[in-house]
Amino acid sequence: MGENPYLTRKLEAIEVKTPKTISQLLSEMSKTGFQGRKLGEAIEVWIDMLRSRDLTIIMGLAGSMSTTGQWKIVKWLIERRYIDVLISTGANISEDIQDSLHGYYQGHWLVDDEELFKYSVFRYYDVFTDGLKYREVTDLIRGFINTLKDNYPYSSREFCMLFGKFLFERNIDSILATAYKHRVPVFSPALVDSEYGVAAVLSRRIDGRNVVVDQMKDFDELTEIGLRSSKTGVIYIGGGVPKDFAQLLTAAVGIVKGGKLEYPHKYAIQITTDAPHWGGLSGATFEEAISWGKETKEGRNIQCYCDATIALPIIAQALAERIDGRVDYPDFSWLFKGLDNYKA
């Protein structure tokens, strides 16, 4: 039969030694197996993205990562332009403000939740926060909403950029303030599934305002970014709506350009704890996505099944160790015309 085509890349066992950086450890892990290997391969794909020319990097950020101390990593990625577009849940871009202004506390998952309610303590698994101060963030968002025009159809990208400016001018450290400063567009296609929804209802029912966020405009703006991009790469932290929003971009671009599904993402990374056998989008494999034309067999596609609170800090630290910066990234100035003249 000749040489065995399957036994070509020999696994290399990890050796414990000092000194050793995080990036060195990940490089060694990429030569092992299982999810350790996938984590090591993920950093290599991300670095390839950063070195690629004419590439737009889109991050989908699901869940409530900001409550677990991850939001400053996202800020850093924006500052370094290691991502070009952020698609986030409303939770991630509101609960970072809670941390910035009031803080979170390490708690426990085995606790009397009725007792927490009496003390106005909100719980996220093993993280606590002051519920009364949380409502102050709701009021902050409500106050911002009341500066906007009634009946004008804002995309969530416009809403987030204007709120980022609002926060930046008030020196409130946050993902949106950083995105505003560095001209990185942020979309939140399920914005109201968070304190933004509560704040919007208060603005409408108590303050008599009628501020509108147009989700159709959202996707049209993202499609325009796709049409102006030579190629795209995606990084998904979790799955959910942010992942699907970015995945659907490829279909929209293909249909607009003539009806062919020939514009897949060239790179794709996902960190998730969801499994494919339940049939949901969050755990769907990139192999499945190839059938939809969203990824390509020739692309660099890596999925790592790992808690993102473990994987993201490790990958970010490795990026800091291995990459000095990114020179070639898209210019989105066309999206921000007139923004600096807006007064809140």
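Residues numbered from 1 in each chain as written. Predicted model: local features only at pLDDT ≥ 70, side-chain atom pairs only at ≥ 80, totals over all residues. Heavy atoms only, no water.

A.B. asks: Could you give an account of helix H6 (residues 131-145), with specific residues and numbers?
C.D. replies: Spanning 15 residues, H6 covers 21 Å between terminal C-alpha atoms, matching the ideal 21 Å at 1.5 Å per step. Within the sequence span of H6, burial applies to Gly131, Tyr134, Val137, Thr138, Leu140, Ile141, Arg142, Phe144 and Ile145. (Helix = DSSP H or I, 4+ residues; strand = E, 2+ residues; numbered from the N terminus. Expected span 1.5 Å × (residues − 1). Buried < 20%, exposed > 50% of the residue type's maximum accessible area, 1.4 Å probe, protein only.)

A.B. asks: Explain the sheet that holds strand S5 (residues 127-130) residue by residue, including any values.
C.D. replies: If you walk across this open sheet you meet the 3 strands as S3-S5-S4, and the pairing is antiparallel. In this open sheet, the two edge strands, each paired with only one partner strand, are strand S3 (105-106) and strand S4 (121-124). Contacting S4 and S5, H6 runs over the sheet at an angle of about 70° to S5. (Pairing = 2+ DSSP bridges. Contact = heavy atoms within 4.5 Å. Axes fitted to C-alpha atoms, helices over the stretch in contact; angles between N-to-C directions.)

A.B. asks: Tell me what's going on with the layout of surface pockets, and back it up with residues and numbers.
C.D. replies: Empty space among the atoms can be located by rolling a probe the size of a water molecule over them. Estimates place the volume of the largest pocket at around 280 Å³. For the lining of the largest pocket, a count of residues per class yields 6 nonpolar, 7 polar and 2 charged. In this model, the second largest pocket occupies a volume close to 230 Å³. Taken together, 15 residues line the second largest pocket, and the ones lying closest to its centre are Val192, Ala200, Val201, Arg204 and Val211. The element best represented in the lining of the second largest pocket is helix H9 (residues 195-205), accounting for 7 residues. Looking at the lining of the second largest pocket, its residues break down into 9 nonpolar, 3 polar and 3 charged. (1 Å grid on protein atoms, 1.4 Å probe; cavity = no way out; pocket = protein on both sides within 12 Å on 5 of 7 lines; lining within 4 Å. Points joined across faces, edges and corners; volume = space filled by probe spheres on them. Nonpolar A, V, L, I, M, F, W, Y, C, P; charged D, E, K, R; others polar.)

A.B. asks: Outline the sheet that holds strand S1 (residues 55-61), listing residues and values.
C.D. replies: If you trace the 6 strands from one edge of the open sheet to the other, you get S7-S2-S1-S9-S10-S11, paired in parallel fashion. If you trace the sheet from one side to the other, it starts and ends with strand S7 (186-187) and strand S11 (295-305), each paired once. Bridge analysis of S1 against strand S9 (residues 231-237) gives 7 bridges, and the strand direction is parallel. Each bridged residue has a counterpart across the sheet, and for Gly60 the counterpart in S9 is Tyr236. Strands in contact with helix H11 (residues 240-256) are S1, strand S2 (85-88), S7, S9, strand S10 (265-272) and S11; relative to S9, the strand with the most contacts, it is inclined by about 165°.

A.B. asks: Report on the pairing of S2, specifying residues and quantitative values.
C.D. replies: Here S2 shows no split at all, with Val85 and Ile87 on one side and Leu86 and Ser88 on the other all buried. The sheet contact formed by S1 and S2 spans 4 bridges and is parallel. Residue Leu61 lies in a different strand from S2, and its bridge partner there is Ser88. Following the chain from S1 across helix H3 (residues 71-79) to the adjacent parallel S2, one finds a crossover that is right-handed. In this sheet, S7 lies alongside S2 in parallel orientation, the contact comprising 2 bridges. When the bridges of S7 are listed, Ile87 appears paired with Phe187. (Right-handed = clockwise from strand over helix to strand, strands pointing away.)

A.B. asks: An account of the side chain of Ser30 is requested, with residue identities and associated values reported.
C.D. replies: Mapped onto the secondary structure, Ser30 falls in the loop between helix H1 (22-29) and helix H2 (34-51). Among the polar contacts listed, one links the side chain of Ser30 to the backbone oxygen of Ser27, at a separation of 2.5 Å. With residues up to four places along the chain from it excluded, the contact list for Ser30 reads Gly36, Arg37, Gly40 and Glu41. (Polar contact = N/O pair within 3.5 Å; in protein donor to acceptor, adjacent residues only side chain to side chain.)

A.B. asks: Let's hear about the packing of H3 against helix H13 (residues 308-322): which residues, and what values?
C.D. replies: Where H3 meets H13, the axes come as close as 10 Å, and the angle between the chain directions of the two elements is 35°. Once H3 is placed against H13, the crossing between them reads as left-handed. Here Ile73, Trp76 and Leu77 of H3 lie close against H13, whose contacting residues are Leu312, Pro313, Ala316, Leu319 and Ala320. (Left-handed = near helix turned anticlockwise from the far one by under 90°.)

A.B. asks: Can you tell me about the environment of Gly63, naming the residues and giving the values?
C.D. replies: With respect to the element layout, Gly63 can be found in the loop between S1 and H3. Separated by 174 residues in the primary sequence, Gly63 and Ile237 have C-alpha atoms spaced 8.6 Å apart.

A.B. asks: Residue-level account of the environment of Gly60, with values.
C.D. replies: Along the polypeptide, Gly60 turns up in strand S1. C-alpha separation for the pair Gly60 and Gly293, spaced 233 residues apart in sequence, amounts to 18 Å. In this view, Gly60 contacts Ile87, Ile235, Tyr236, Ile237 and Pro242; residues no more than four positions away in its chain are not counted.

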